[in-house]
Amino acid sequence: MNTSIDTSDQSETAVYTDTEHIFAALLGGLLVICTLIGNSLVCINFYLFEELRTVCHYFVVSLSAADILVAMVAMPFWCALQVTSNRWMFSQQLRTFWNCMDILCGTASIMNLTAVSVDRHAAITDPFSYPNVMTSVRAVAMIIFVWLYAILVSGLRLASWHTKQGYMHFIACASFFLPLTIMIIMYTRIYHVAKQQVHRLRTGLSYAKDVKAAKTIAILIGLFVFCWGPFFAIILCYAYDQSCPVPGSLLNVIKWMEYASSCLNPIIYSCLNRSYRRAFRKLYKLFRSRQRAESSSSTAGYRSKTEGSFSESIVPITDSGLERRQWRSNSIVRDCVRPKESRI
């Protein structure tokens, strides 16, 4: 996510890259690939397996879509900046587009985490009325609101602000502190309600699953604070003091921590969520069985071709053909043994 903390301006001077920047760009490319693969697998599992098509997982898929957008739109430009030693070599319009899309994707990812916390709060604090409260229509409406909110926050960057510090304060509150406050409130209430009701609902298997899901999302929130907190702290430092001495290497590390959050989400789901672990195993088995079927079919085709070519090579050796060959060999022998007739 980019605000007024931009990298070096476009320069006409020659750009020299060293091994360190090339290595950082390669790591960035690896992070892009891992983010795309992990979040795409989450979406594929949601599409293939019916047991994952629940209201809660609507928000998970929306989160994965936001992280895929981060990997496709935001990360490649940052990788290019690593190669060029943090010098912007493209047009100013493309730079504005990148800044807005980076804010949009980051805000959408954060707000989707907030929506997940609200959904888990509704499921655990009142599990009996949850199916009537959180319907599919309301879940889709919440997801639409999350994306419209992210578009609004991103679009306001193009508005005329009196000072750059004004938008920096706004983005820190709208994209970090407000969602973080909502998450803390939701999970604090979830903890207290779960602690009170865990002894009452001994046989509530679905309730236990909801509590475990809340723990999974709480770990995600902790990683979210770890990955995004330093970035917004730097934003506030720049908002209060434009001459804040922040080394470029530290800013790069903080930026990579922000992008790493998009890669960690599917890893957390596959490691801590039983439904997703089961879905990932099923998907892997399906892939392996299809791969074995293709390899066996290719082997069978190769064998049929080999046997066909071998049989074709021995087709001329039939009974009639063998008799003709024997007759020819006998005639040759008779010609060699028979004495030559004298010519008059």
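Preceding this paragraph is the structure being described.
Residues numbered from 1 in each chain as written. Predicted model: local features only at pLDDT ≥ 70, side-chain atom pairs only at ≥ 80, totals over all residues. Heavy atoms only, no water.

## Here we look at a nonpolar patch on the surface
The following threshold applies: Patch construction takes residues with relative accessible area above 30% that form no salt bridge. Like charges are linked within 9 Å, and nonpolar side chains (Val, Leu, Ile, Met, Phe, Trp, Tyr) are linked within 5 Å. Shrake-Rupley sampling with a 1.4 Å probe provides the accessible areas, and residues are treated as covered by the protein chains on show and by no other component. Within this document, salt bridges are pairs made up of a side-chain nitrogen of Lys or Arg and a carboxyl oxygen of Asp or Glu, the two lying within 4 Å of each other. In this text, helices come from DSSP runs of H or I with a minimum length of four residues, and strands from runs of E with a minimum of two, each type numbered from the N-terminal end. Each residue's exposure class comes from its accessible area (1.4 Å probe, protein chains only) as a fraction of the maximum for that residue type: buried when under 20%, exposed when over 50%, partly exposed otherwise.
A grouping of I44, Y47, L48 and L286 is seen on the molecular surface, where their side chains present a nonpolar patch of about 400 Å² in accessible area. Considering each element in turn, the nonpolar patch owes the most residues, 3 residues, to helix α1 (residues 19–48). By the secondary structure assignment, L48 is in helix α1. The class of L48 is partly exposed, set by a relative accessible area of 39%.

## Comments concerning helix α3 (residues 92–125)
Rules: One less than the residue count of a helix, multiplied by 1.5 Å, gives the span that helix is expected to have.
Its 34 residues place the ends of α3 49 Å apart at the C-alpha level, agreeing with the 50 Å of an ideal helix rising 1.5 Å per residue. Burial analysis of α3 places 27 of its 34 residues in the buried class, which makes it a mostly covered element.

## Considerations on the packing of aromatic side chains
To be explicit about the condition: Only centres within 6.5 Å qualify two rings of Phe, Tyr or Trp (six-membered ring in Trp) as a pair; their planes then separate them into stacked at under 30 degrees, edge-to-face at over 60, and tilted for everything else. Any Lys NZ or Arg CZ found within 6 Å of a ring centre and within 35 degrees of that ring's normal is scored as a charge over the ring.
Applying the stated criterion across every chain yields a total of 16 aromatic pairs. Measuring from centroid to centroid gives 5.9 Å for F77 and W88, while their planes differ by 25°, and the two rings are stacked. One end of the pair, F77, is in helix α2 (residues 55–83); the other, W88, is in the loop between α2 and α3, with 11 residues separating them in the sequence. Just as F77 is buried, W88 falls in that class too. With 6.1 Å between their ring centres and 65° between their planes, W256 and Y259 make a pair best called edge-to-face. A residue pair is termed a helical-turn pair when its members lie 3 or 4 positions apart in one helix, as W256 and Y259 do in helix α8 (residues 248–272) at 3 residues. Accessibility assignment for this pair places W256 and Y259 in one class, buried. Taken together, the ring pairs in this structure connect F77, W78, W88, F90 and W98 into an aromatic cluster. Sitting above the plane of the W78 ring, K255 keeps its charged end 5.6 Å from the centroid.

## Quick look at the environment of S262
Heads up, the condition is: Here, residues are in contact when the closest pair of their heavy atoms is within 4.5 Å.
Take S262: it is sitting in helix α8. Judged by its relative accessible area of 3%, S262 is buried. Beyond its immediate chain neighbours, meaning those up to four positions away, S262 contacts T35, N39, D67, V70 and M75.

## Some words on the packing of α2 against α3
Rule in force here: Helix axes are fitted to C-alpha atoms over the stretch in contact, other axes to C-alpha atoms as well, and angles between N-to-C directions run from 0 to 180 degrees. Note on angle classes: values under 35 degrees are labelled roughly parallel, values over 145 roughly antiparallel, values of 65 to 115 roughly perpendicular, and the remainder oblique. The crossing is said to be left-handed when, going from far helix to near helix, the turn is anticlockwise and less than a right angle, and right-handed when the turn is clockwise. Side-chain classes follow a simple rule in which Ala, Val, Leu, Ile, Met, Phe, Trp, Tyr, Cys and Pro form the nonpolar group, Asp, Glu, Lys and Arg form the charged group, and the remainder, Gly included, forms the polar group.
Running from N to C, α2 and α3 cross one another at 155°; their axes reach a closest spacing of 9 Å. Judged by the angle between their axes, α2 and α3 are roughly antiparallel. Regarding α2 and α3, the two cross each other, and that crossing is left-handed. Within the contact of α2 with α3, the residues separate by chemical class into 22 nonpolar, 3 polar and 4 charged.

## Notes on the packing of α2 against helix α5 (residues 136–155)
At a minimum axis distance of 9 Å, the contact between α2 and α5 shows a crossing angle of 25°. Looking at the two axes, α2 sits roughly parallel to α5. Crossing of α2 over α5 shows right-handed handedness. For the pair α2 and α5, contact is made by V55, Y58, F59, S62, A65, A66 and L69 and by S136, A139, M142, I143 and W147, respectively. Of the residues belonging to the contact of α2 with α5, the class tally is 10 nonpolar, 2 polar and no charged.

## Here's the deal with the pattern of salt bridges
Counted by the stated rule, this structure contains 4 salt bridges. Here E51 makes a salt bridge to K282, at a shortest N to O gap of 3.1 Å. Pair noted here: E51 is in the loop between α1 and α2 and K282 is in helix α9 (residues 274–314), with a separation of 231 residues, a long-range link. For E51, a relative accessible area of 40% corresponds to the partly exposed category. Taken together, the salt bridges that share partners define one network made up of D102, K255 and E258.

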